[in-house]
Amino acid sequence: MIATELAARVATAMHHGATLAAPDQPKGINTEGVVSFFASNIAPILLAVLGVIFIGRASRGEISKVLTSSAIAIVGLAFIAGAATLFFVGDYLINLIFS
């Protein structure tokens, strides 16, 4: 009974033009997914670790080291933001030239 019901459903699906083949798989790496995963999961963890290190140093009285490390971290974030901006500016220029 199950076999006949399954055969009837397959015949109905084939009659309606449905295929049983798997959909085409992407052939590249989803870089947007990798970047969004890093930005949403890894970066906050790294920032939390830096915060714990800074708080630990500040509690021991090493305020100058904390301020220096904080300034270096802020400059690093500025460089990352600048690189992202250049990426979008470059994409705009390429679209402007080739369109």
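Residues numbered from 1 in each chain as written. Predicted model: local features only at pLDDT ≥ 70, side-chain atom pairs only at ≥ 80, totals over all residues. Heavy atoms only, no water.

The next point concerns the overall build of the protein. A tally of regular secondary structure across the protein gives 3 helices and 0 strands. Starting at the N terminus and ending at the C terminus, the protein contains elements arranged as α-α-α. When burial is assessed residue by residue, the protein has 3% of its 99 residues classed as buried. Of the roughly 8,800 Å² that the protein leaves accessible, carbon and sulfur atoms contribute 74%. (Helix = DSSP H or I, 4+ residues; strand = E, 2+ residues; numbered from the N terminus. Buried < 20%, exposed > 50% of the residue type's maximum accessible area, 1.4 Å probe, protein only. Areas by Shrake-Rupley, 256 points an atom, 1.4 Å probe, with all protein chains shown as cover.)

This paragraph deals with the pattern of salt bridges. For the structure shown, the criterion picks out 1 salt bridge. Residue E62 pairs with R60 through a salt bridge whose shortest N-O separation is 3.7 Å. (Salt bridge = Lys/Arg side-chain N within 4 Å of Asp/Glu carboxyl O.)

Together, V89, Y92, L93, I94, L96, I97 and F98 give the surface a local cluster of nonpolar side chains, amounting to about 770 Å² of exposed area. Locating L93 in the fold gives a position in helix α3 (residues 63-98). (Patch = residues over 30% accessible without salt bridge, like charges linked within 9 Å, V, L, I, M, F, W, Y side chains within 5 Å.)

It is worth spelling out helix α2 (residues 31-59) at this point. In an α-helix there are 3.6 residues to a turn, and that puts residues three or four apart on one side. A rise of 1.5 Å per residue sets the reference length of α2, with its 29 residues, at 42 Å; its end C-alpha atoms lie 40 Å apart and thus fit the reference within 8%. G61, located one to two residues past α2, shows a positive phi value of around 90°. (Expected span 1.5 Å × (residues − 1).)

A few words on the packing of aromatic side chains. All told, the structure shown has 1 aromatic pair when counted by the stated rule. When the ring of F87 is compared with that of F88, the centres are 5.5 Å apart and the planes differ by 70°; the resulting orientation is edge-to-face. Take F87: its relative accessible area is 59%, and that puts it in the exposed class. Residue class for F88 comes out exposed when judged on its relative accessible area of 57%. (Phe/Tyr/Trp six-rings, centres within 6.5 Å; stacked < 30°, edge-to-face > 60°.)

Here the focus is the confidence of the model for the protein. For the protein, per-residue confidence averages 77 on the pLDDT scale, and residues scoring 70 or more make up 74% of the total. Mean pLDDT values for the elements of the protein range from 62 in helix α1 (residues 2-15) up to 85 in α3. (pLDDT = per-residue confidence, 0-100.)

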